[in-house]
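Next come the chains, spelled out residue by residue.
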Amino acid sequence: MIANNVPLVKPSLQRESDKREFVFTLADFEQIRKLIYEHAGILLSSTKQDMVYSRLARRLRERGLKTFSEYLAILKQSDKAEWEEFVNSLTTNLTSFFREPHHFPILGEYLKKLHGKPSIKIWCCASSTGEEPYSIAMTVVETFNNFNVPVSIFASDLDTKVLATASKGVYAPDRVDRLPRERLSRFFVKTAGSSDGSFSVRPELRRLINFQRLNLLEPNWGVHGPLDVIFCRNIMIYFDKPTQYKILKRFVPLMDRNGLLFAGHSESFLYASDLFHLQGKTVYELANKGMVR
Ligand SMILES: C[S@@+](CC[C@H](N)C(=O)[O-])C[C@H]1O[C@@H](n2cnc3c(N)ncnc32)[C@H](O)[C@@H]1O
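Residues numbered from 1 in each chain as written. Predicted model: local features only at pLDDT ≥ 70, side-chain atom pairs only at ≥ 80, totals over all residues. Heavy atoms only, no water.

## Some words on the site of the ligand
How we decide: Nearness here has a simple test: a residue counts as near a molecule or strand if at least one of its heavy atoms is within 4 Å of that partner. Definition of a polar contact: a pair of N or O atoms within 3.5 Å, with one able to donate and the other able to accept a hydrogen when the atoms are protein atoms, and with sequence-neighbouring residues admitted only if both atoms are side-chain atoms. Accessible surface is estimated by sampling points in the Shrake-Rupley manner with a 1.4 Å probe; for residues, cover comes only from the protein chains shown. Only Asp, Glu, Lys and Arg are considered charged in this grouping, and only Ala, Val, Leu, Ile, Met, Phe, Trp, Tyr, Cys and Pro are considered nonpolar; every other residue, Gly among them, is considered polar.
Of all residues adjacent to the ligand, which total 22 residues, the nearest are Thr 95, Ala 126, Asp 157, Arg 233 and Asn 234. Take Asp 157: an N or O atom from its side chain is 2.6 Å from an oxygen atom of the ligand. Taking Leu 158, its main chain carries an N or O atom lying 3.3 Å from a nitrogen atom of the ligand. Burial of the ligand by the protein chains amounts to 99% of its free accessible area of 600 Å². Across the shell around the ligand, the residue classes tally to 10 nonpolar, seven polar and five charged.

Laid out in structure tokens, this is it:
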């Protein structure tokens, strides 16, 4: 049996971990797994020790600590700022403009059907660095051929760092290089005074989106329906099924009866068929439309 306070090493990695700057035990790892699961719903598998070490090592360095147990003691004192850093360090924020592109023509067609509605509401609940909500906003403008549309996009994420990037709307050239030229010139401008050739989202597009921190695990979201669309892509994969189901259940009363829920390519909500039905490729609609407004 392995004692819980021994440094965390697989025999084959012994030499590698001997070089580690900070003491990191199996007990530390288990505690970190528990904390991030309880706080954010993020389920880290037992193989993620190296990832956890490398993502949090920067925090220990910054705070002048030598061991992960010292770091955990700071978290236990409910240091709010450090908790924010802790969570930000452990989220995975991979995203891109028009990721999973088949969703955007579906969104466009659906929006066309809503033409004339006085207010259209869209929630993007894991917006990361902003590429997803801006792709939604571009689809809205392209569909109605107008920036002045009665559409509001609420974009939220747990991670405050990515949210700040999203809100700024400034992207390095390699983030936008796969956008067609027309989109790039219609929705972005070269960032004034930047030496790295970055692009800024045009203010008229930015105005369609309201960015805010929101933890899907918290009991009060402060989100008001009816929502026409929810984008909840590539986030449920980090949660276990009971957590996913609880969130899906909370989506139901927030949605318009004909609303659409977009999921990520590896996420399936077929097990929640009492709540949502598959309508198209990873696009869901309410299972029981009679239950909502
Ligand atoms: C992989 S990104 C997905 C980004 C985007 N939806 C996409 O598909 O390209 C997952 C995002 O979920 C966010 N996240 C993780 N746990 C969360 C929670 N409990 N509440 C809200 N957002 C969370 C992370 O911060 C991260 O930005």
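We are not done yet, so read on.
## Section: the pattern of salt bridges
Oppositely charged side chains can pair when the atoms bearing their charge come close. For clarity, the threshold we go by: Every case where a carboxyl oxygen of Asp or Glu lies within 4 Å of a side-chain nitrogen of Lys or Arg is listed as a salt bridge. Numbering of helices and strands starts at the N terminus; helices are DSSP runs of H or I of at least 4 residues and strands are runs of E of at least 2. Each residue is assigned to one of three classes by its accessible area relative to the maximum for its type, calculated with a 1.4 Å probe on protein chains only: buried under 20%, partly exposed between the two thresholds, exposed over 50%.
Across all of its chains, the model carries 17 salt bridges by this definition. Arg 59 is the salt-bridge partner of Glu 85, the closest N and O atoms lying 3.8 Å from each other. Separated by 26 residues along the polypeptide, Glu 85 in helix α5 (residues 80-90) and Arg 59 in helix α3 (residues 49-63) bring together distant segments of the chain. Between Asp 228 and Lys 117 there is a salt bridge, and its shortest N-O distance comes to 2.5 Å. Remark: Lys 117 occurs in the loop between α6 (103-113) and β1 (120-124) and Asp 228 occurs in strand β7 (residues 227-232); sequence separation between them is 111 residues. Accessibility expressed as a relative area gives 25% for Lys 117, which makes it partly exposed. Taken together, the shared-partner salt bridges connect Arg 59, Glu 62, Arg 63, Asp 79, Glu 82 and Glu 85 into one network.

## Comments concerning the sheet that holds strand β3 (residues 170-171)
For the record, the criterion: Two strands make a pair as long as DSSP finds a minimum of two bridges between them.
The three strands lie next to each other as β3-β5-β4, forming an open sheet whose pairing is antiparallel. Only two strands of the sheet have a single partner each, and these edge strands are β3 and β4 (188-190). Inspection of the sheet shows β3 paired to strand β5 (residues 199-201) by two bridges, in the antiparallel sense. Across the sheet, Tyr 171 pairs through a bridge with Phe 199, a residue of β5.

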